[in-house]
Amino acid sequence: MTKTKYPLHPTRNNLHSNTKTVVIQLLNARLADGLDIALITKQAHWNMKGHNFIGVHKMMDDFRNEQNELNDKMAERIAAIGGTALGTTQEIAKNSSIAEYPTDIISVDDHLTALSERFAIYANALRKAIDEADEAGDADTSDLFTEVSRAMDQQLWFLEAHKPYPSKLHAK
Ligand SMILES: [Fe+2]
């Protein structure tokens, strides 16, 4: 699709055009995921109720702020190497690999589970993208994916660390 509708824009960046084409598709795929993740982070922030509400509610905003910066970096990398960044709701819906987020859940625990499942899909796809960009010949985009991957691994950890854990000490 990108070849005809989105031709490469002229730039003095000397990456091979084949590399650019492959990496732009890869960046747009992970950008669609990242924008989807940003949307569901707010969906959870607004609708969750129950135990640990205020802590998790505020954590969602910290997540979103970091995601905004990372999504911007991926989109601008696309533009920098002559591509077209795809960030409309229609493109996100078409290209995201993240499972649809349930809009009928309320409890903080259900939101933590639903978010963890989806953040894991994204974090693991980013890890794969590090190698894919490297194999395509673009070390800079590979490095960017490493940055995003590390951040999303941390966000996934924060989500998972809120889940109840069996106690080792037994109260008398
Ligand atoms: Fe808010």
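Each value, and the rule that gives it
- Residues numbered from 1 in each chain as written.
- Predicted model: local features only at pLDDT ≥ 70, side-chain atom pairs only at ≥ 80, totals over all residues.
- Heavy atoms only, no water.
- Salt bridge = Lys/Arg side-chain N within 4 Å of Asp/Glu carboxyl O.
- Helix = DSSP H or I, 4+ residues; strand = E, 2+ residues; numbered from the N terminus.
- Buried < 20%, exposed > 50% of the residue type's maximum accessible area, 1.4 Å probe, protein only.
- Contact = heavy atoms within 4.5 Å.
- Phe/Tyr/Trp six-rings, centres within 6.5 Å; stacked < 30°, edge-to-face > 60°.
- Core = buried A, V, L, I, M, F, W, Y, C linked by side-chain atoms within 4.5 Å.

By the naming in an unreviewed UniProt entry, the chain goes by DNA starvation/stationary phase protection protein Dps and is assigned to Commensalibacter melissae.

In the structure shown here, the tally under the stated rule is nine salt bridges. Between Arg-30 and Asp-33 there is a salt bridge, and its shortest N-O distance comes to 2.9 Å. In this pair, Arg-30 and Asp-33 are both assigned in helix H2 (residues 17-47), three residues apart and thus about one turn of the helix distant. The buried category is assigned to Asp-33, whose relative accessible area is 0%. Between Asp-153 and Arg-127 there is a salt bridge, and its shortest N-O distance comes to 2.9 Å. Here Arg-127 lies in helix H5 (residues 108-136) and Asp-153 lies in helix H6 (residues 139-161), a separation of 26 residues in the sequence. On the basis of relative accessible area, Arg-127 is assigned to the partly exposed category, the value being 36%.

Another point: the side chain of Asn-71. Here Asn-71 shows up in helix H3 (residues 53-80). For Asn-71, a relative accessible area of 5% corresponds to the buried category. When residues no more than four places from it in sequence are discounted, the contact partners of Asn-71 are Leu-31, Gly-34, Leu-35, Ala-38 and Tyr-122.

So, on to the packing of aromatic side chains. The tally for this structure, following the rule as stated, stands at three aromatic pairs. Geometrically, the ring pair formed by Phe-63 and Phe-158 is tilted, given 6.4 Å between the ring centres and 40° between the ring planes. Here the residue Phe-63 occupies a position in helix H3, and Phe-158 occupies one in helix H6, the gap between them amounting to 95 residues. Look at Phe-158 and you get partly exposed, because its relative accessible area is 32%. Geometrically, the ring pair formed by Trp-157 and Phe-158 is edge-to-face, given 5.1 Å between the ring centres and 65° between the ring planes. On the accessibility criterion, Trp-157 (53% relative accessible area) is exposed. Taken together, the ring pairs in this structure connect Phe-63, Phe-119, Trp-157 and Phe-158 into an aromatic cluster.

Core analysis: the biggest nonpolar cluster contains 42 residues, and Met-60 and Phe-145 have the highest contact counts within it. Secondary structure elements with two or more residues in this core: H2, H3, H5 and H6. Among the elements that take part in this core, H5 stands out by supplying 13 residues, more than any other. Beyond its immediate chain neighbours, meaning those up to four positions away, Met-60 contacts Thr-41, Ala-44, His-45, Met-48, Leu-115 and Leu-159.

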